[in-house]
Amino acid sequence: MSGPSSPFSPDVPAMRAMVLKAARQPLEMERRHLPEPGPGELRLRVLACAVCRTDLHIVDGELPLPMLPIVPGHEIVGVVEQAGPGEEAGLRVGDRVGVPWLGHSCGCCAFCLEGRENLCDTPRFTGYHRDGGFASHVIAEAAFCLPLTMPTTDASADAARIAPLMCAGLIGWRSLKAAGEGTRRLGLYGFGAAAHLVAQVAIAQGREVFAFTRPGDLAAQAFARSLGAAWAGGSDAQPPVPLDAAILFAPVGELVPAALRVVRKGGRVVCGGIHMSDIPAFPYRLLWEERSVVSVANLTRADATEFLAFAQAHPLQVHVRTYPLAQANEALADLRAGRIEGAAVLLP
Ligand SMILES: [Zn+2]
Ligand SMILES: [Zn+2]
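Participant: Residue-level account of the coordination of the zinc ion (ligand 2), with values.
Facilitator: Binding of the zinc ion (ligand 2) to the protein goes through C106 (SG), C109 (SG), C112 (SG) and C120 (SG), at separations of 2.3 to 2.4 Å. Linear spacing of the donor residues for the zinc ion (ligand 2) on their chain is C-x2-C-x2-C-x7-C. C106 gets classed as partly exposed once you look at its relative accessible area, which sits at 25%.

Participant: Could you give an account of the layout of surface pockets, with specific residues and numbers?
Facilitator: Taken as a whole, the largest pocket encloses approximately 1,000 Å³ of empty space. In this structure, the largest pocket is lined by 50 residues; those nearest its centre are R53, G190, G192, F249 and A250. Breaking the lining of the largest pocket down by element, the ones donating at least two residues are β3 (41-51), α1 (53-59), α4 (168-179), α5 (193-204), β11 (208-213), α6 (218-226) and α9 (328-336). The class makeup of the residues in the lining of the largest pocket is 29 nonpolar, 14 polar and 7 charged.

Participant: For the pattern of salt bridges, give the residues involved together with the corresponding values.
Facilitator: Applying the stated criterion across every chain yields a total of 19 salt bridges. Between R161 and D158 there is a salt bridge, and its shortest N-O distance comes to 3.1 Å. Separated by 3 residues within a single helix, R161 and D158 lie in helix α3 (residues 155-162), roughly one turn from each other. For R161, a relative accessible area of 39% translates into the label partly exposed. Relative accessible area serves as the criterion here: at 10%, D158 is assigned to the buried category. The network of salt bridges with shared partners includes K21, E28, E30, R32 and D131.

Participant: Describe the coordination of the zinc ion (ligand 1), naming the residues involved and giving the relevant values.
Facilitator: Every protein donor of the zinc ion (ligand 1) is accounted for by C52 (SG), H74 (NE2) and C167 (SG), and the metal-donor separations fall at 2.0 to 2.2 Å. For the zinc ion (ligand 1), all donor residues lie on one chain, and their spacing in sequence is C-x21-H-x92-C. Taken together, the residues span a long stretch of sequence, with C52 in the loop between β3 and α1 and H74 in the loop between α1 and β4 (76-83) at a distance of 22 residues. Each member of the pair C52 and H74 is classed as buried.

Participant: Tell me what's going on with empty space enclosed by the protein, and back it up with residues and numbers.
Facilitator: Tallying each qualifying case throughout the model produces 1 cavity of 30 Å³ or more. Taken as a whole, the largest cavity holds about 40 Å³ of empty space. Among the elements of the structure, β6 (102-104) and β8 (137-141) are those that each provide at least two residues to the lining of the largest cavity. Looking at the lining of the largest cavity, the element that brings in the most residues is β8, giving 3 residues.

Thresholds, definitions, all that
- Residues numbered from 1 in each chain as written.
- Chains lettered and ligands numbered in written order.
- Predicted model: local features only at pLDDT ≥ 70, side-chain atom pairs only at ≥ 80, totals over all residues.
- Heavy atoms only, no water.
- Donors = N, O, S within 2.8 Å, 3.2 Å for Na, K, Ca; no water.
- Buried < 20%, exposed > 50% of the residue type's maximum accessible area, 1.4 Å probe, protein only.
- 1 Å grid on protein atoms, 1.4 Å probe; cavity = no way out; pocket = protein on both sides within 12 Å on 5 of 7 lines; lining within 4 Å.
- Points joined across faces, edges and corners; volume = space filled by probe spheres on them.
- Helix = DSSP H or I, 4+ residues; strand = E, 2+ residues; numbered from the N terminus.
- Nonpolar A, V, L, I, M, F, W, Y, C, P; charged D, E, K, R; others polar.
- Salt bridge = Lys/Arg side-chain N within 4 Å of Asp/Glu carboxyl O.

That is the geometry; function is a separate question.
Structure (structure tokens):
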């Protein structure tokens, strides 16, 4: 497009973004002027952005939408293209960085002050309170960008495999910590992007993994075994031994009592998702004997530092299916239908 009727003459730098204008509507491709980073911000050229189940909850209107239109996407790998005035986080033009869900925390509320910025009272989440990575470019706060120092052989293939670490990996890491140090036998419900990474982390740490999939999803069960799971079966099946803890990544409330049934006395059930269907009533004896149910919310930058160091020392097999940016709606549909082994990743 060019000419006097178009704001996008070839001389005006532009970006492309997949935009959500209303809940339950397909994302629309938009051309926009390239934004200037403000104080403390960076403009990144997006190399890859993975698609998270949270994006699906946003697009499907299962979470309140604080900002519309919004560009979703919070598992971003990008290259610093321009720094705003006063940017002093030490990142330079050309550096490769990750941008996770936590795009800002206030630094002064009670939670931030006690090192729990994941629970900040006034957070800003990427692709939710500010435009995210389903785009060719994104603006991010420098202090919340994660330097990526993994060696690169093929920049775009590597970016596609690193992007899912930014949420699936990170939330998985935080959920694994919430499961408890003493967890030797770990159940994972929902064997998607997060579970396929956590399984590898847990196994590398010497734990045994028991993978629960949709009943009858033999492909997902075979996938789990191929990554080293000791056992895989449907979520309605009984594992061969009692488990120490279970993490739920599937957003299905019925799985909470199901998981309580398979954990031992004192065992813990961790809900790793931001949204879940209602948990049905269940008999108190499932919770009795000091079993507990906890949720994991968001992440801290300390989680990211720990997890990225772990991932560098223990390279993870990151299974991805890539889509061009313009096919973001197809990627979301495939995720909704459970058709993806590993993670869906958009390449601008
Ligand atoms: Zn996410
Ligand atoms: Zn705060």
